[in-house]
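Breakdown of the fold
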Amino acid sequence: MNVPSTTSLQDIYPEDAIPAQEKRWANLFDKFKTEYGRPADFVSRSPGRVNLIGEHIDYMLYQVFPMAVTADVIIAVGIHATPAGSLPQIRVANIEGVKFPRRDFKIPLDGIVEVDHASPDWSNYFKAGLSGVLPYLRESDDQFVPVSMDVLVHGNVPTGSGLSSSTAFVCASALAVMAANGVSNIDKKELCERTIASERAVGTIGGGMDQVASIFSLSGSATYVSFVPELTAEPVEFPVTEPGFSCLVAHSYVDSFKAVTAPVCYNLRVVECTMATDYLSKSLGLKKALPSDASPLGRSLRGLQNTYFEEKDGRDDNFQISPETFEKQLEKLVVLVEQHLPQEEGYTRQEIAKHLDITVDELTAKYMSRHTVRADRFKLRQRALHVFSEALRVLKFRSLMSSTASTPADGQLLLQSLGNLLNEAQASCKNTYECSCEELDELCSLALEAGAYGSRLTGAGWGGCSVHLVPSDKVEDVKKAWIEKYYKKRWPDKWEGMLEEGIVVSKPGSGSYLYKVE
Ligand code: NG1
Ligand code: MG
């Protein structure tokens, strides 16, 4: 099966959006008329995602395995002529939602769009999408003048939950701006690359998993994402139908606002991984400097793997290796980390600077000038061990997803093997990468005690959601365990109201698309 590589106003994939959410779409059209006194021309939508496996390795350019959820951001758009003598502008408003307060504002399109980093306001996500694609539109046509747009937004991806509500917003906004300005066959890869870069301007220096999942996913399939040698998205269906199983997503209701905690959580991890890349390059005596790549700071552990084995094994192109060789290389890298990065307690700035032959000021300028991070010690050993071992688990998961299960007993074994990988991933996130939290750990152990095959946090962690592979006949037991021992215990007065968004059976939904209003 192929994923369509472009999307246009003729493309309509209504299977999981319109029939299932008819009321929500009708409300969007009605409110648009009330707000702007005219009907909308089209709707742009992009979903959130849940990540099955491959956490905190996309920014080191390793493969990841997310799937789109059906919750999404929908944006109704009306295009209109800019009055003579005025600047084009975009009027933006939203339909109020929980933690999504009603706002309306105007964006004049007279040059650079300012994104205010200091404010966690949702308007930033629209502006990020817009500022990601404006340069593209300008590059494609030097006479380009943007059209004026009226925009009404509604999102139902829970925010701060690790389900990428922010990316859904950025991607839907970017797609809306492209379509409004007449790009008829929108190249999804271009859209991904632009939104990955522009979302980095809103707070965290993320990888590209969320944007690829949001833009490329196909209904019914998870999406296997590779970043090198180029960005690809491969739809993969679960190979098991018997015995039945579900992917459950449970919200810890610990908010994980990455933009706020970035200096000590997310961005610090990106910096630690990049430092580990440079530290190991030096320890391993690479002859060539690592070529700059698409990772946030331009160097990645995946790039290191490539250059190291090209030099060691005399290969031309280490990106073209078989999965078996890939696994062997990763296993070798784990051993090399254990040898060359022995300090469990982490490394000080002085120690890293000395090893890299630079001053502490140069070190700070190199890794911490564009993005503030706060730490006395950098845990290079643990971060590199997590990345290489998680990349290995993703490869194993991918290979299991290609196997066949001809009997229910085989199916069960296969599901248990997939579940075991989820459990190992959770242990690594908790102990080695330190991106879990007590509440997520508890949701995972409750699910496992009640019969889940495997359980882990999903997304950046430090709160937000968890994902669980559960046999169909255990789904009720798992839900009951969470309700009795987690939600009721923590929120005795309001747990009932929290369950609708709190526990969700996740079905892989479709990626971004445009819908033309007739
Ligand atoms: P969340 O916080 O779950 O949206 C983030 C990053 C991903 C990836 C995961 C961890 C962004 C937009 N997303 O996702 O790229 O690194 O954490 O695997 O920064
Ligand atoms: Mg996000």
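Residues numbered from 1 in each chain as written. Chains lettered and ligands numbered in written order. Predicted model: local features only at pLDDT ≥ 70, side-chain atom pairs only at ≥ 80, totals over all residues.

Some words on the UniProt feature "domain: GHMP kinase N-terminal" (unreviewed entry) in the chain
In the numbering used here, UniProt assigns the feature "domain: GHMP kinase N-terminal" (unreviewed entry) to residues 142–216. Span residues 142–216 is 49% helix and 13% strand, its end C-alpha atoms 29 Å apart. (UniProt positions renumbered as here; feature names shortened; annotations may be inferred. Helix = DSSP H or I, 4+ residues; strand = E, 2+ residues; numbered from the N terminus.)

Description of the site of ligand 1
Around ligand 1 lies a shell of 17 residues, among which Gly 162, Gly 206, Gly 207, Gly 459 and Ala 460 are the nearest. For the shell around ligand 1, a count of residues per class yields three nonpolar, nine polar and five charged. (Near = placed C-beta within 6 Å. Nonpolar A, V, L, I, M, F, W, Y, C, P; charged D, E, K, R; others polar.)

Describing the packing of helix H14 (residues 438–449) against helix H15 (residues 475–490)
Two elements in contact, H14 and H15, have axes whose closest approach is 8 Å; the angle formed by their N-to-C orientations is 135°. Judged on the interaxial angle alone, H15 and H14 are oblique. In terms of crossing hand, the pair formed by H14 and H15 is right-handed. Contact residues: H14 offers Glu 442, Leu 443, Leu 446, Ala 447 and Glu 449, while H15 offers Val 478, Ala 481, Trp 482, Lys 485 and Tyr 486. Taken together, the residues of the contact of H14 with H15 break down into seven nonpolar, no polar and three charged. (Axes fitted to C-alpha atoms, helices over the stretch in contact; angles between N-to-C directions. Parallel < 35°, antiparallel > 145°, perpendicular 65-115°, else oblique. Left-handed = near helix turned anticlockwise from the far one by under 90°. Contact = placed C-beta atoms within 7 Å.)

Focus: the sheet that holds strand E10 (residues 245–251)
Spatially, four strands are ordered E13-E14-E10-E15 in an open sheet, and the strand pairing comes out antiparallel. Whereas interior strands pair on both sides, the edge strands pair on one side only; in this sheet they are strand E13 (454–457) and strand E15 (503–505). With strand direction ignored, the average angle separating the axes of adjacent strands in the sheet is 20°. When E13 meets strand E14 (residues 465–471), the two strands line up antiparallel, connected through four bridges. (Pairing = 2+ DSSP bridges.)

Examining the nonpolar core
If you look at soluble globular proteins, the nonpolar side chains tend to sit buried side by side. Counting residues in each nonpolar core, the largest one holds 143 residues, and the members touching the most others are Ile 75, Leu 175, Ala 384 and Phe 388. By residue number, the principal contributor to this core is helix H3 (residues 165–180), which donates 12 residues. Beyond its immediate sequence surroundings of up to four residues, Ile 75 is in contact with Val 43, Ser 44, Val 151, Val 153, Ala 172, Ser 173 and Ala 176. (Core = buried A, V, L, I, M, F, W, Y, C linked by C-beta atoms within 7 Å. Buried ≥ 20, exposed ≤ 12 C-beta atoms within 10 Å, placed from the backbone.)

A closer look at unusual backbone geometry
A cis geometry characterises the amide bond from Val 228 onward to Pro 229, with omega recorded as -5°. Mapped onto the elements of the fold, Pro 229 is located in the loop between strand E8 (222–226) and strand E9 (232–236). Residue Glu 242 is joined to Pro 243 through a cis peptide bond whose omega torsion reads -5°. Topologically, Pro 243 is positioned in the loop between E9 and E10. Non-glycine residue His 56 carries a positive phi angle of around 60°. Inspection of the secondary structure puts His 56 in the loop between strand E2 (42–53) and strand E3 (65–80). For Asp 357, which is not a glycine, the phi torsion comes out positive at approximately 60°.

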